[in-house]
Amino acid sequence: MREEEKKRTSQTKVQQFFRKRWVFPAIYLMSAAVILTAVLWYQNISNNVAEDLQNNQDEIALDEQEAVEVNATKENFTMPAVDAEAVNVVKKFYDPNATTEEQEAALVFYNNTYRMNKGIDIAREDQKQFDVVASLSGTVTKAEKDPILGFVVEIEHENEVVTVYQSLAEASVQAGDEVEQNEVIGKSGENLYNEEDGNHVHFEIRQAGTAVNPESFMGKPVTSIEEAAEEEATEEEVSEEAPAPAGETEEAPAEEEKPAEEAPAKDTETPKEDTDKSEKAPESDKEKDADKGAE
């Protein structure tokens, strides 16, 4: 009986508790607070994860850009022909330091005038047409037909370097195109400027507008042109400073002239002594004559 009474009393207390007006609103508010806290916590975790992913993507993108730049500098100049072994250099670059025979061989006769070859002319022995490719990756800045030179293509690269392709029978690129190294840009052909080379391509490398010898940089990167220019500049500076020792030798005679200027002074003094002696000599003779007369 007592146990049943205890159960009844506990049930009545619970019923009385839930009958109070503030119980259910309090439970609702507590549930809402718990749910809101859980939502805010989840959103905070999601934002942190998104930021981490974004940062990782940015780092990956930077790494990829750096990798592209490093790979770009590894490109070396190549012969502008699909099959480099099937072509030969039939006319070389005009080098002011070359021998007279080599310079004569590097002249182009056009319009009754001999002109210096600013690049190299490449052709096959059998004079057949061949595909011309880009020596380096870059941007096409010019692709047009010239009535004398044939189709001309110019490609811009880094460090103010431009490669020029002339005497093309046709061009398969146009200005603004991005080309990769060894990508076909046209076909070899003939032109009026250099008819004696027949079917060929005229290839030039220019750095800041100045033509350089393409054969000197085959298999080398673009940076090698600037390095060569710096070496030439230092050599010119050394050659300009070299005459300085000659100036020192010119000063040597000036030092030798000093004793020569002093020598006459001694000579001028010696005649004075002679004259003094000569002046005294007659006086001594007169004295002797006077002595003889006195005797």
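As the structure is a computational prediction, the values presented were derived from the model and not from experiment.

Observations concerning the overall build of the protein
- Of regular secondary structure, the protein possesses five helices and twelve strands.
- Classification of the 295 residues of the protein by burial places 22% in the buried group.
- For the protein, contacts bridging at least 24 residues in sequence account for 64% of all contacts bridging at least 6.
- Counting every atom, the protein has about 21300 Å² of accessible surface; 51% of that belongs to carbon and sulfur.

With respect to empty space enclosed by the protein
- Tallied over the entire structure, the rule returns one cavity of 30 Å³ or more.
- Considered as a void within the structure, the largest cavity measures approximately 40 Å³ in volume.
- Taken together, Val108, Asn117, Asp121, Gln166, Asn191, Tyr193, Asn194, His200 and His202 make up the lining of the largest cavity.

Describing the nonpolar core
- Membership of the largest hydrophobic core comes to 26 residues, with the highest contact counts inside it found for Phe77, Val153, Ile155, Tyr165 and Ile185.
- Among the elements of the structure, strand E4 (120-124), strand E7 (150-156), strand E8 (161-171) and strand E11 (201-207) are those that each provide at least two residues to this core.

Thoughts on the layout of surface pockets
- Estimates place the volume of the largest pocket at around 460 Å³.
- The element best represented in the lining of the largest pocket is helix H4 (residues 223-241), accounting for four residues.
- Of the residues belonging to the lining of the largest pocket, the class tally is eight nonpolar, five polar and three charged.

A short note on the pairing of E4
- For E4, a buried count of four out of five residues is recorded, marking the element as mostly surrounded by other parts of the structure.
- Taken together, the four bridges between strand E1 (residues 87-91) and E4 define a ladder with antiparallel strand orientation. Each residue of the ladder has a partner; that of Asn88, found in E4, is Ala123.
- In this structure, E4 lies alongside E11, joined through three bridges in antiparallel fashion. In the strand pairing of E11, Ile122 is matched with Val201.

Structural notes on the packing of aromatic side chains
- Under the counting rule described, the total for this entry stands at three aromatic pairs.
- Judged by centre distance (5.4 Å) and plane angle (50°), the rings of Tyr110 and Tyr193 are tilted. With Tyr110 in strand E2 (residues 107-110) and Tyr193 in the loop between strand E10 (184-188) and E11, the pair connects residues that are 83 residues apart, well separated along the chain.
- On the accessibility criterion, Tyr110 (23% relative accessible area) is partly exposed.
- Taking 5.3 Å as the distance between ring centres and 45° as the angle between the ring planes, the aromatic pair formed by Tyr165 and Phe203 counts as tilted. With Tyr165 in strand E8 and Phe203 in strand E11, the pair connects residues that are 38 residues apart, well separated along the chain.

Definitions and limits used
- Residues numbered from 1 in each chain as written.
- Predicted model: local features only at pLDDT ≥ 70, side-chain atom pairs only at ≥ 80, totals over all residues.
- Heavy atoms only, no water.
- Helix = DSSP H or I, 4+ residues; strand = E, 2+ residues; numbered from the N terminus.
- Buried < 20%, exposed > 50% of the residue type's maximum accessible area, 1.4 Å probe, protein only.
- Contact = heavy atoms within 4.5 Å.
- Areas by Shrake-Rupley, 256 points an atom, 1.4 Å probe, with all protein chains shown as cover.
- 1 Å grid on protein atoms, 1.4 Å probe; cavity = no way out; pocket = protein on both sides within 12 Å on 5 of 7 lines; lining within 4 Å.
- Points joined across faces, edges and corners; volume = space filled by probe spheres on them.
- Core = buried A, V, L, I, M, F, W, Y, C linked by side-chain atoms within 4.5 Å.
- Nonpolar A, V, L, I, M, F, W, Y, C, P; charged D, E, K, R; others polar.
- Pairing = 2+ DSSP bridges.
- Phe/Tyr/Trp six-rings, centres within 6.5 Å; stacked < 30°, edge-to-face > 60°.

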